[in-house]
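One-letter residues, chain by chain:
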Amino acid sequence: MAIIEGFRVKNYGALKDITLGKLWNTQKAKPLNPLTVVIGKNGAGKSTIFDAFGFIADCLKLGVEDACFARGRGGFEKIRSQEQTGPIEFEIYYKEDAKALPITYELSINVDNGGKLYVEKERLRQRRKGQKTGWPFSFLILNAGKGFVWKGNAGGQQVDEDKKNIDDLFASLKEPAQTEEKAETEWVELDDNRKLGIATLGSLKQHPRISAFRRFIEGWYLSYFDPNAARELPKAGPQKHLNVKGDNIGNVVQYMERDINQERFKRILQRISEKIPGIGEISTHKDDYSNNLYLLFKDKGFAVPFTHMQMSDGTLKVFAYLLLLEDPDPPPFICIEEPENGLYHKLLETLALEFREHATGKKERSQIFVTTHQPYLVDALNPEEVWVMEKGDDGFSAIHRASDNQIVKSMVEEGQPLGSLWYSDYLDPR
Ligand SMILES: Nc1ncnc2c1ncn2[C@@H]1O[C@H](COP(=O)(O)OP(=O)(O)OP(=O)(O)O)[C@@H](O)[C@H]1O
Ligand SMILES: [Mg+2]
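Rules of the game
Residues numbered from 1 in each chain as written. Chains lettered and ligands numbered in written order. Predicted model: local features only at pLDDT ≥ 70, side-chain atom pairs only at ≥ 80, totals over all residues. Heavy atoms only, no water. Near = heavy atom within 4 Å. Polar contact = N/O pair within 3.5 Å; in protein donor to acceptor, adjacent residues only side chain to side chain. Areas by Shrake-Rupley, 256 points an atom, 1.4 Å probe, with all protein chains shown as cover. Helix = DSSP H or I, 4+ residues; strand = E, 2+ residues; numbered from the N terminus. Domains from an automatic or database assignment. Buried area = accessible area lost by both parts, 1.4 Å probe. Salt bridge = Lys/Arg side-chain N within 4 Å of Asp/Glu carboxyl O. Nonpolar A, V, L, I, M, F, W, Y, C, P; charged D, E, K, R; others polar.

K.L.:
Before we move on, could you go through the site of ligand 1 and cite the residues and values that matter?
P.N.:
As a matter of local geometry, ligand 1 sits amid 19 residues, with Lys46, Ser47, Thr48, His373 and Lys391 nearest to it. Here Gly45 contributes a backbone N or O atom positioned 2.9 Å from an oxygen atom of ligand 1. Residue His373 places a side-chain N or O atom 2.7 Å away from an oxygen atom belonging to ligand 1. About the coverage of ligand 1: the protein hides 69% of its 650 Å² of free accessible area. At the level of secondary structure, the elements contributing two or more residues to the shell around ligand 1 comprise α1 (46-62) and α3 (76-79).

Encoded structure:
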């Protein structure tokens, strides 16, 4: 399973400079857990961090200009941290699988003198096998859409950006190849510097590491679940994955019904129905005349099943989450904002345990990132999984891991649930 071990954001809304987990130059820091939950008061920056992931995914898909306006973001100047003049920057430290050497992806987005938005810098770096210290080897260096890329699985060049002028490096790389190392490099110029280099280069076979990273980001699932959309009547037609609004739950069930082993399919629906209070059997019904697709829920008290259009917000939501977790080919990274909205408090522990099982169980299916306000959900978590966000005196967000607080750690070890400690203000910064 691919995992993000660390994430740094600069100048993105309230996130002037925050780091979660481990980066290439903070090797002593603990990596992010496969299940990570961010808590904090209103306005602390939880939605902003959720959206930072969404923004990166949108930059890859749409280019940076459209991404700045997508999902109501309102453009670069609205997104950039107030009174800051530098670029918006991201750093993702990730491993393609448990045995892989970690890769660092750095992206900075800025406006030029004419006010035009562009990708100022893009880097991909990876340390060599056995290399514990020093700069990782860059295998993608793009400045304003121009630069070098190293083919294959191992190439790269150490670039100390503080000391060495990138122009010198570019000049030396442009000279005719004399070494094998140089022969692996390729000068690239993107025709549009508002598009990410990993979008173009990641579609080429000769760049397997970039392709894997591109696929990883493309696979992220950011849940914008909307119960009203989920209640709409979809046209029949199997669909492999749940979409972000969750309005194709019936189509996903139809896909599972058709494409996976029948016994397994029944077990999945049964497992889900056991976890949703009051719900019995779940099935689909296709109306041949209209080609509409109905999801049928058998309520324990009634003989005739209800359709999904009649189901409550909370039931549909839990159903959508559980269905997502049952995806036979699940997304590598799942982000969910405030899953508690509309859910009965006792369901939250179940949900947290489901998330943990999904992220850390034998199969390690997806990394899960959640933001929440709900102490009941946090009760089921351990301090390493929880990050506390707060607004600092300067108006920008700060973040720390609950396990950094020794008192909290000891109290949890003694049996105090983490959510109740949060409720009693033990998680606030001291
Ligand atoms: N460009 C910006 N620069 C600095 N701060 C900003 C910028 N844009 C928005 N903010 C601030 O960012 C803060 C974080 O908002 P966010 O929506 O992430 O909080 P939240 O933790 O999700 O809160 P809630 O629990 O209410 O949903 C808000 O207080 C907002 O005023
Ligand atoms: Mg929010």
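After that view of the structure, there is still more to cover.
K.L.:
Break down the domain arrangement of the chain for me, with residues and values.
P.N.:
For the chain, the assigned domains are domain 1 (3-32 + 55-220) and domain 2 (222-381). When each unit is reduced to the centre of its C-alpha atoms, the spacing between domain 1 and domain 2 is 35 Å. Between domain 1 and domain 2 lies a buried interface of about 720 Å² when both sides are counted; carbon and sulfur atoms form 70% of it. If you look at where domain 1 meets domain 2, you find zero salt bridges. Counting across the domain 1 and domain 2 interface gives one residue pair in polar contact (both at pLDDT 80 or more). When grouped by side-chain class, the residues that make up the side of domain 1 that touches domain 2 number six nonpolar, one polar and one charged.

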